[in-house]
Structure formats: structure tokens, C-alpha cells
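# Chain and residue survey
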Amino acid sequence: MRHTKYLSLLAALLVLGTSIHAAEAARTSVKVGFLSTLSGPGAGLGVDIRDGFNLAIKHLNGKLGGLTAEVLIVDDQQKPEVAQQATEKFLKKDKVDFMTGIVFSNLMLAVGPAVFDNKTFYISANAGPSQYAGEQCNPFFFNVAWQNDNLHEAVGKYVQGKGFKNVVLVAPNYPGGKDAMVGFKRFYKGKVGEEIYTKLGQLDYAAELAQIRSLKPDAVFFFLPGGMGINFVKQFVAAGLSADSQLFAPGFSADEDVIKAVGAPMLGMFNSSHWAHDMENAENKRFVADFQKEYGRLPSLYASQGYDAALMMDAGVRDVKGKLDDKEALRKALEAKHFKSVRGEFKFNTNHYPVQNYYLRVIGKDAQGRITNKTMGTIFTNHADAYVAQCKMK
Amino acid sequence: MSDQRATLLDVHEVSKHFGGIYALNAASLKVEAGEVHALIGPNGAGKTTLIHVLSGAMPADAGRVLFAGQDLVRRPMHERVALGLARSYQITNIFPRLTVLDNVTIAVQARVRDWGSSFSFWKPFSLDSAIVAEAHDLLAQVSLAGLAGRRALQLSHGEQRCLEVALVLATKPKLLLLDEPMAGMGPDESARMVGLIEHLARRVTVLLVEHDMDAVFRLADRISVLVGGRIIASGDPEAIRADADVRRAYLGDEG
Amino acid sequence: MTQLILEQALNGLQFGLMLFLLAAGLTLVFGIMDMINLAHGSLYMVGAYLAAAATQASGSFIIGIGAAMLGTALLGVLIEVTLLRRLYARNHLAQVLATFALILIANESVRMIWGAQPVLLNTPDELSGPVSLVGFFYPAYRLLIIGVGALVAALLYVLVARTRVGMWVRAGASNREMTEALGVNVRLLFTAVLAFGAALCALAGALLGPLLAVQVGMGESILILAFVVIVIGGIGSIRGALVGSLLVGLVDTLGRAALPSLLRTFLSSETASSLGPALASILIYVLMVAVLFWRPEGLFPARS
Amino acid sequence: MALYRSSPGRRIAAGVVLVLLVLLPWLLEILDQSFYVSFASRVLIFALAATTLNLVIGFGGMVSFGHAAFFGVGAYCVAILADSGVLSAALAWPLAAGVAALLALLVGAISLRTRGVYFIMITLAFAQMVFYLVLSLKSWGGDDGLSLLHRSTFGSLDLKDDSTFYFVVLALLTLVLAALDRLAHSRFGRVIQSIRENETRMEALGYPVFTYKLVCFVIGGGLAGLAGALLVNQSGLASPSLLHWMQSGTLMVMIVIGGVGSVFGGVVGAVLLLLCEEFFVGISPHWQIGLGLVLLAVVLRAPLGIAGLFGWGRNRE
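Rules of the game
- Residues numbered from 1 in each chain as written.
- Chains lettered and ligands numbered in written order.
- Predicted model: local features only at pLDDT ≥ 70, side-chain atom pairs only at ≥ 80, totals over all residues.
- Heavy atoms only, no water.
- Helix = DSSP H or I, 4+ residues; strand = E, 2+ residues; numbered from the N terminus.
- Rg over C-alpha atoms; globule rule 2.2 N^0.38 Å.
- Buried < 20%, exposed > 50% of the residue type's maximum accessible area, 1.4 Å probe, protein only.
- Contact = heavy atoms within 4.5 Å.
- Areas by Shrake-Rupley, 256 points an atom, 1.4 Å probe, with all protein chains shown as cover.
- Lys, Arg positive; Asp, Glu negative; His and termini not counted.
- Charge placed at Lys NZ, Arg CZ, Asp CG, Glu CD.
- Buried area = accessible area lost by both parts, 1.4 Å probe.
- Salt bridge = Lys/Arg side-chain N within 4 Å of Asp/Glu carboxyl O.
- Polar contact = N/O pair within 3.5 Å; in protein donor to acceptor, adjacent residues only side chain to side chain.
- Nonpolar A, V, L, I, M, F, W, Y, C, P; charged D, E, K, R; others polar.
- Pairing = 2+ DSSP bridges.
- Axes fitted to C-alpha atoms, helices over the stretch in contact; angles between N-to-C directions.
- Domains from an automatic or database assignment.
- Parallel < 35°, antiparallel > 145°, perpendicular 65-115°, else oblique.
- Left-handed = near helix turned anticlockwise from the far one by under 90°.
- Disulfide = S-S within 2.5 Å.

## Describing the overall build of chain C
Each helix and strand in chain C was counted, giving 11 helices and two strands. Across chain C, helices and strands are ordered from the amino to the carboxyl terminus as α-α-α-α-β-β-α-α-α-α-α-α-α. The C-alpha atoms of chain C give 19 Å as radius of gyration, which agrees with the globular expectation for 304 residues (19 Å, within 12%). C-alpha atoms of chain C, sized along the principal axes, occupy 60 × 50 × 35 Å. Looking at chain C as a whole, 60% of its 304 residues qualify as buried. Taking the intrachain contacts of chain C between residues at least 6 apart in sequence as the baseline, contacts between residues at least 24 apart amount to 77%. Taken as a whole, chain C presents about 11,300 Å² of accessible surface, with 70% of it coming from carbon and sulfur. Here chain C carries 15 positive and 12 negative side-chain charges, and the mean point of each set is 9 Å from the other.

## Details of the interface of chain B and chain D
Opposite the 35 residues of chain B that make contact, chain D presents 34 residues. Across the chain B to chain D interface the summed buried area is about 3,000 Å²; carbon plus sulfur atoms make up 56%. Three residues stand out in chain B for area buried against chain D, namely Phe 95, Arg 97 and Phe 121 of chain B, and they jointly supply 23% of the buried area on that side. Between the two partners, chain B and chain D, sit four salt bridges. In this structure, Glu 164 of chain B and Arg 201 of chain D form a salt bridge, with 2.8 Å as the shortest nitrogen-oxygen distance. Across the chain B-chain D interface, the total number found is 12 residue pairs in polar contact (both at pLDDT 80 or more). When residues of the side of chain B that touches chain D are traced back to their parent elements, those giving at least two are helix H2 (77-83), helix H3 (100-109) and helix H6 (157-170) of chain B. A per-element tally of the side of chain B that touches chain D places H3 of chain B first, with five residues. Residues belonging to the side of chain B that touches chain D are distributed by class as follows: 18 nonpolar, 10 polar and seven charged.

## A closer look at the sheet that holds strand S5 (residues 70-71) of chain B
All names here are of chain B. Overall, antiparallel pairing links the four strands, which are arranged S2-S1-S4-S5 in an open sheet. In this open sheet, the two strands that pair with only one neighbour each are strand S2 (21-32) and S5. Across the face of the sheet, helix H1 (residues 47-55) comes into contact with strand S1 (7-18), S2 and strand S4 (62-67) while running at roughly 115° to S1.

## Things to note about the domain arrangement of chain B
All names here are of chain B. The domain boundaries assigned to chain B delineate domain 1 (1-84 + 174-185 + 205-255) and domain 2 (87-172). A separation of 27 Å is found between the C-alpha centroids of domain 1 and domain 2. Of the residues lining the interface, 18 residues belong to domain 1; the matching set on domain 2 comes to 12 residues. Counting the surface lost from both domain 1 and domain 2, the interface buries some 1,200 Å², and carbon and sulfur atoms represent 55% of this. It is Leu 176, Asp 179 and Met 185 that lose the most area in domain 1 upon contact with domain 2, and together they represent 32% of the buried surface on that side. Where domain 1 touches domain 2, the interface holds zero salt bridges. The tally of links between domain 1 and domain 2 comes to seven residue pairs in polar contact (both at pLDDT 80 or more). For the side of domain 1 that touches domain 2, the elements supplying multiple residues, two or more each, are H1, H2 and strand S7 (175-179). For the side of domain 1 that touches domain 2, the residue count by class is 11 nonpolar, four polar and three charged.

## Brief notes about the interface of chain D and chain C
Across the contact, 47 residues belong to chain D and 49 residues belong to chain C. Summing the contributions of chain D and of chain C, the shared interface buries around 4,600 Å²; its carbon and sulfur component is 77%. Across the chain D-chain C interface, the total number found is zero salt bridges. Taken together, the links from chain D to chain C amount to two residue pairs in polar contact (both at pLDDT 80 or more). Among the elements of the structure, helix H5 (116-136), helix H10 (245-258), helix H12 (287-301) and helix H13 (305-309) of chain D are those that each provide at least two residues to the side of chain D that touches chain C. Considering each element in turn, the side of chain D that touches chain C owes the most residues, 14 residues, to H5 of chain D. Classifying every residue of the side of chain D that touches chain C gives 32 nonpolar, 10 polar and five charged.

## A few points about the packing of helix H12 (residues 301-319) of chain A against helix H13 (residues 327-336) of chain A
All names here are of chain A. In contact at an axis separation of 8 Å, H12 and H13 are set at 130° when each is read in the N-to-C sense. Classified by the angle between their axes, H12 and H13 sit oblique to one another. Two packed elements cross with a definite hand, and for H12 against H13 that hand is right-handed. Where H12 abuts H13, its residues Met 312, Gly 316, Val 317 and Asp 319 lie against Leu 330, Ala 333 and Leu 334.

## Points about the state of the cysteines
Residues and elements named next belong to chain A. Enumeration over the complete set of coordinates arrives at one disulfide over all chains. Disulfide pairing is shown between Cys 137 and Cys 391; the S-S distance is 2.1 Å. Residues Cys 137 and Cys 391 are joined by a disulfide whose S-S torsion is about 85°; by sign, that bridge is right-handed. Of this pair, Cys 137 sits in the loop between helix H5 (130-133) and strand S6 (141-143) while Cys 391 sits in the segment after strand S14 (371-383), placing them 254 residues apart in sequence. Just as Cys 137 is buried, Cys 391 falls in that class too.

## Focus: the arrangement of the chains
Comparison of the four pairs of chains in contact shows the highest number of contacts for chains C and D. The least C-alpha distance between chain A and chain B, which are not in contact, is 22 Å. Across all C-alpha pairs, the smallest distance from chain B to chain C is 10 Å, and the two are not in contact.

Below, the structure is given as C-alpha cells:
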């Protein structure tokens, strides 16, 4: 039968094609599996993390801790099953030393178990689910950005302090969205008009906006990363709601990617972040300047997180002198955090999440007339997440 | 002989309408066991509709159909076949892409009760030699014995009609509903079909719908005339030939 | 409360009319040629991309829409002449597969040309604000979409019901062989219908572009809804497509809006808001199965 | 298409391929490519799923556009059972197949009353309902899917071991293929193939056509559920995308590439498609254009054509 002939031919090809990769070099290189959302409405975030990460590698002359950096980049399409398959390949076929890049917490939770089982270090440059901060904390998981709740807690505190009385909350229905609501409410004690959960990836908010209109809140807090936030703000303004309700968001929904797409309607919006492009430290200045030179746009907080993730790996590998197979030593090195973050000082808590400051930013025009974020002040100093007590790190 | 005949099929005031148009309007008809009963009528008289209603392809709107004493009205097609009612189609209806033998074996297999159920998933069919033997026997009866290995679509039109008759016979019917078996045939093929029906008539009751009047008058023991959805006359060929209504309504039109 | 229902109904109307733009072409192609064209959704996607590109290049949304409609219509003709034409005589499985292949090709081509990230299409500045309706504000742009959708629906009705070409189309949908026998060039007619359907797809894509995101895969989810619409309405019937579209648009939007609040009375907010929209989506398919069960030819069957 | 008859040559070829597949894990180990053992399991599982669809479409002549529903439901069954602590494969897998078969019974009983394109659409509609139902249930993971933290257990077999799991999958696939081959030659198989060829004639011959089609549909659905149960064990995730209509389309693509109405069609198609995906994705991210073109060529150029294989596609009166 002809089909069977093809079958055996392909089997032979399979064998040939893969044997080429088989020759494993001695430890002169570090392999990083970079899995991120590079297509669809969440793509902007993944692209920023990737570009930040790549810029760091460039600053490090293509090396991590002195070893040649091999970065394998795969798009997870924001689909759990794609993420999971790609992860399996990273772990079993490519045998990567680090993984990073995932944007969305639901994907993080989907691939986490496999990564940890394989004793591979995951340096999260974004997703910071409460699960991995608390009971499910893991020696192989580090978050170099924040715990999901943190930026929302900061907005909650600010909104509380400003005396708003009736707030409607909008977030996507996924772990990160839930963390956002919980985080906001931890520091905002006033009335919550409604908690509106939208579908992750939703783009048309007509129904939600009609609902908000009928609730007549004095403020609306929304956490909708990437394209979702862009559409929400545009439609919010188009529906005429901005006259009655003040918009608040964490930095995720008010960073350079959203500002660039929405433009003037963003002016005057307050938001929170652990980093800002106008922070005064040498590392940050270099990062922001080179990022603009390289990619022709201002970096977002996502880009800063990607940049820091690479710096963190670099420091870890250097500390263990390239002996990546000594997992215990590498973990200690990573916990020690011997790198200078673009956000300034921070340290890791026992659950491998940062303890750091959170700032208030406002969107305005800068000296060159660009619409961009401006740091206004500090909301939290050395703030830890709320789950660390539940973490019994082995 | 005709005196002792029992009624095999009793069609009582059957109606069927499509939208407001009556294809059958209280049509009544009795077919007696053992006879060849021809159903004639002008185009659009409702002949094929009646065959559809009898075979179960269409439900009747009103009326009653008794077959061998059983009420057929609510029964699905396959149960009617099991009772012994089989039909052929105006347009040849066989399995064109199967072999001639497979055509007949699948038909023989339909009589599930004789050799066990068709819900047999494991046993290879090739072991069912009894079915194959009967299929060969049927092919011989319709003079297709030599063509068993051909695909049905390779047969001539006349051969295909014969194959269809073999399919129908395979179900061992008591009553055969033949819908224009001679349609589209040349004279030679028609003659062959007439011979075949004559041969069949010795064993099976036949209800024949046909336009070929020569064939009808040669084959039929009795004839019913369907006009405008009603049976306007029933009787032996001579009586029908003589019937004034029939001449006016139907034969007259033919000239 | 009434104001909320009114606003949601307007949203449903807006969604329904956009669905209609897609369903109209689909139902005619399906009705006349008995052809399942899964690539119809891809025409919608291509239309949106062309609109975004042309708007960006020319700076005018109107020009963008025009260029998109023209370009997509041409693409439709190209596909029809080179491929679809060879599929009319084939069975549905072949049609499903060939047009499924077209989806793959279209998605990848678009990804090659415009990249994997969504392309932004902004509403024209004049339309980016709200307008005041009786007692409340409604986005001007959505109102425009409703207007355009209603206008197209009316035009299409006149075209199909009153003109000679429309008569051919209706005849073709109810009995193709007969129409051919009457001397109508069905081949040409079908190319024209496909081009017209493609242009409507592009219009929908361009109009929805600013509300959604112009991205790869945007055609697939809406395509299935369009199929639901035409099966509910009756394949080949423009009137059916309109009624089906509005029905699906309203059921989907009102269900999406009302069910979560309804469910919230006895479920947690999080559960309710995930259950609600999904139930609304399920409702659409239940509607379709029910229609097929009781009226197998849809609400307004084109074939007698 | 005539009734299916497998030639001795085809059986020998299948035997040779089987031997090669049995040796594959060792071969991959020698080449230090053990990762591909798991990948091979995945390919064989999709081969199984496609084979069950081939039973429904290729043998039964029912163009179902909702087969993914049964596939996905099987996967979810195992994941849900595992979530509540039931890990035994002997319990979970037959249950998954059973639930899928039950769903197929329900869907089939309603859908098989329609014909042609309406059948395609109504099966699609049911699959979409299942898809949205699963999306809506946060306790089953919603759009994140439900992770399977532990593979099923099967007596003393260690299914966590990729090679062991591979052999279990291979054994099940072989079993199903052998059974399908027997079925194709059995009375039942002849009946459903003849129904595919000429449904009205089969009715007139006295076959309860509806029942036969339904039984065929249910067998196909149930076995698809088994394939789903295996897949969730391989991938560790029951994801809603398994239920999506694009998944139904992909399974159709597999059987058309491999051969509709042939016992090994599903296997050949799944292997070709997944191998191409695996390799061409590395060569060009835009390999799907190539896939689309190949698919078009198969549809348009296949000597008999898919229409040739199915006379029933356009029997509009």
C-alpha cells in the first residue's frame, strides 16, 4: 500500500531530522525557554516582555552569567493547551535551564506543575498568581515582577484615600482577574457597585458599559490588559461615561502600549506601578534610552519585567559559576538577588515574590508633548503580598 | 380459481394532499392474492403517490390500508417489508457502486429472521454461505448469473431493472409493488421484463403501475384506473376496455 | 431599567445587523449553488484588514471602507473563478474541506502580511463620542453602524424583491435547474452574488473593526454564528437571514446582559458572569436545533 | 465505492508498520530522542480519533461536523474523575467512552432525523453547545481547561512512563483497527456501507436504517471518547479547544488526506498531518499555507474525488 510507504519514509525523516540536534555540547551555554503570548489581543504584552528580555541579553553581550545564551522563543497563542505542549518540548526535548515569558496567570497555572516536576527554574516576568505566592509556592518558581494583587492593592488604597464612595470593578474572568478584584478590595473599603467579570480576550464591551451606566458609579476600576483595555477605554469614552465616572486602573491597563493606541482620552488617568520609565537610576536610564533606540517606542512595565528577568538569570548563573545542575545552589543564588533592577531596590520574600515599593502615576504630556506616564508619588513602601504567610517553602 | 381468492391488500378511502392539492382523494382498491393487478391512469393521477403511501415512504392523510389483515397506516417502511410488501422504483434504485452480487446479498441479508440479525459486528460475512447461495440463485432467476462480479453501474439499463427485481424478490414478498418497470426500455428489454413478470406472477401477487398498455393488457388479471386521485374503475381487462368512463377519462385521451 | 433594556436592545440590534451583512451573502451562495462556503468568514477578516490598511494609508475611514469592499469583492471573484466553481457539483464534505483549506491559507497569508498582532482601526474622530438619545447617551459610532446595517438591509430587500437580477437570484435559490432553463446565466449570476457577498463581508469587517480588533481568526467565530442565522432563517432566503440575524443578535446580547445578573441572585458574581454568557451562546444553538426539529427547512424556506 | 475488502497485501503492510511502531521507543532511545515517544503517543491517539470519525463518515456516510464533542467529552470525563480522586484507567476510560457514547446517542437520535447539510449543521450545533457548556463551568476550568495532575493508573502498569503509555495506546489502537476491519466485513458493516450508498433502497429492502445509522454513530462517538481519555493522559490537560469546531474540522482533514472509508485512512491521515505540523513548523511558521494547498489538491485532484467516493452528497430531488 502506498500510504504505508510514506509512513515509513516519514519515520525515517523523523529520525534523521532530530539526530542532528542530538549532539549535546558541554556546559558552555544556557538554554532559556521563552514562552509568551505573541499573537491575539494579548500579544502586545508578550512582545514587550520579549523585547525587554532581548535587550538585556544584548546588554549582556549575548551571554547569561558568562555562558552563551540560547533563547528559544515560542508563541503560546494565549491557549493553555498550546502553552502546555510547548512547555513539554522545552523540558523534554530542548532540556532548557530556565523558563520565562508567560503573560497570563491561567497559562502559568497550566504549565507550572510540569516545570516544577522537572526541577526547572521558572522566572516569571509577569504572571504572579496568588496560588504560587501562597499554599502552592514552589522552590523552582520566582516572580521578578509582583504578585498579581499588588498593583490593584495600590489603586485600591489610592481610591480609598481620595474618598470615592461607589466603585464598579471590571476584570477578565481568569485567575489574574480574580486576584485583581481581591487586591483592590483589600484596601478599598467603600461600596462596590458591582464586580463585572468579562471573558478573557473580549473586545466589545457594549453590554458591560450599559450596565455601568445603569449603576451610576463615581469611579470605575478596570483591569484589562493589552487589547482588551485599549478597546474598553475607547468604548468607555465613546459611550459618554467619562463625564460621570472617573477611570482608575493598575499600570497594566494604563501603560505605554495602551496610551499609544488610545491617545488623548487617557489624559489625567491615575494608575499604579512598581516601575516607571522616568525613574531616576542609572540602570533604568540606560534601559529606557536603549529600548527607545532599539524599538522606537517607550518601554512599558512589561518590558522592564522582561529586562529584569534576564538580569536575574544572569546573576544566578554567574553566582553558581555555570554549574547549572546544582539546583540547590542555583536556588540560593537566585534568592540572594545579586542584580540591580531597573525599578531600584527590592528583595525577594520567602515565597520568591518581590517586596518593593509601589508608585502612583498619572498620564499627562511630557516635555516633548508626548502623552505618557509621570510618577507622582509612593503609595506603598516595601510592600509584601498577602499570601506569603500561607507559603511553606520546602 | 379467481373465486377462492382472498383479498391481500385492501386500500380504503386513502387521501393524500400536498398544500391544497389532493394527489389521492379517497382512493379505494382491492388486490387479491395471486393476481397481477395493474394500476393505470394519466400522468399526475396519483399512481406514484399511491405506491409511496403503500410502501410507507409517505404517510397517508386519511384512510386505511390493510395488508394480509394487518393495518399498515402507522407502520414504518421496514416493518411493511417484513410483512411481505416490497417495491421497485420508477427510476432504477439499486446500489450502483456495489457489485451485482453484493447488491443481492445485502437484500437477502435484509430478511434478518432467517439467519440471525444484521447486528452482527464481528463474524465475517464471507462465512454466511447460505446468503451467498441464495443470492446466486436469485441472480439466475433474473438471468444475471454471469454478471455477479460486475459493478451494478456497468450493467445495461434493462439489466439494472432486472437486478432491481432480484433485490425486491430477495425480501420474499407476498406483494410486489412495481412502479413503471418498463420505463425507458427498448422493445427487446421490455419483452424480457414482461417475461420476467409473468414468471414471477406464478409465485407472488403483483401491483403493477405501467404506461405500456400492451404490457398491461398482456400481464394483468385485473386493472384499476386512477384518475384525479380516485379509482374510477376496477375489473378484468375486457371490462376496463369496455368501460365508458375509462374510455372517456383516460383511454380516449390516448386516442 | 427600561433605559438599560433599551440600550441593550440597541446593542443587540447593532450586532444582529452586522451578522446580517455576513449572513446575506452566505445564504444566497448556499441557497443558489447548494455550496457550503466556510471561507466566507475569511472574506470578513480580509475585508477588515484591507479597511485598516487603506484607512491608515489614506487617512480616511470612508476611503478605507470603499477600498476594502472593492478589494474583497475582487478577491471573492478570484476565489470563485479559480476554485469554488469547481466545487458546486461536489458533495458537501468536499466543499467543507476545500473551504476549510481556504481558511488555513487565508489566516496564514494575513499573518504573513500583517503579522500576528492585532491591527488597530480607530473610529473616525467625529464619531468617537456619544450622542444623546431620549434620556441617555449612546455611542455615535454604534448608531452609525445600526444606520448603515438597516440601510443595506433595506437596499438588499429592494434589490432582491423588486429588480430583475433579484428575481433571478430568488429563482436560483428556489430552483436552480429551472432558472438555468429560463436562460439565465447562472454562472455569471453566481460570480456576481459571491462578489456582492464578499463586499458585504468587507463592510461588516470594516465597521466592526474599530469595535473589535482586526486580528487573525476573527472570521471563525462569527462564521459559525452566520451559519446558525441562515439555517434558522431558511437557506437561500434574504428575509430569513434578516429575521435570523436579529433574533440571534438580540438573544445573544440580551442573554449576555441579563443572564449574569439573573444568575447572580443565587450564584457568586464570578460564577454567574462565566455561566451567563455561555448560556446565552448555548441558547442560540438550542434555538437552531429547535427550529430544525420543528421546521426542518428554517423559518422562511426558499425552496418550496 | 464498493464494500470494503482488505487485501492480504494491506494486512501485511499493516503488520510491518505495527512491528516498526513496537520498536519505535527503543529506536528513539538509541537516538536520544525520548521526547518523541510522548509525541508518538499523541499521533497514535489522534489516529484513533480520526479512525472513529472515519467509521461515521467513511463507512456510515454521516458527515458529522461535531465529532470533537465526543472526543473532548471523553477527555473531560477522565480529568473530572481524576479531580475527584478516581484514577483507575479500568474505571475511568470505559466510563469516558460510555459517557461519549451516551452523548452520541442523544445527538444522533435527534440529528439523524435530518439529512444532508442540515445534518452537518445540527451536529455542529450540538458540538457548539457542549463547547459553550464546558466554557461556562468554572469548576471544570472554564476556558483554562482542566489539568490532569496524575495520569490514570492501570494495575501494575506505570502509565507515567512515556514508553509504557505509548504501548498501551498502541495496543488500544491496534485493537480498534482490528475490530474496525472485522466490522467492515461483518453483516453490520455491509449494512452501514450499503446505507451510505443508497439509503432509500435500504429502507425499501426493509432495513431499519435509522437504527443502524444510530448504532454506527454511537460506536464512533464512544470510541472517540476513548481517544479523548487517552489524549488527556498524554497532554495532561482537558482543554475546551478539544471541543471546538476547528478540532472537528481537523479530524475531517485527517481522514480525507488518509482515505475516507478505508480502515487505515484515519491513521495515515493523522500521522501525515501531525508529522508535517511537527516538522514544517520548525521550517516555516507559515506552513499552514502549504497544508491548505495540499488539502485543496487532495480534494480537487483525488482520482475518484471525494464526491466519487460518495454518491449521496447531492441527491437533491
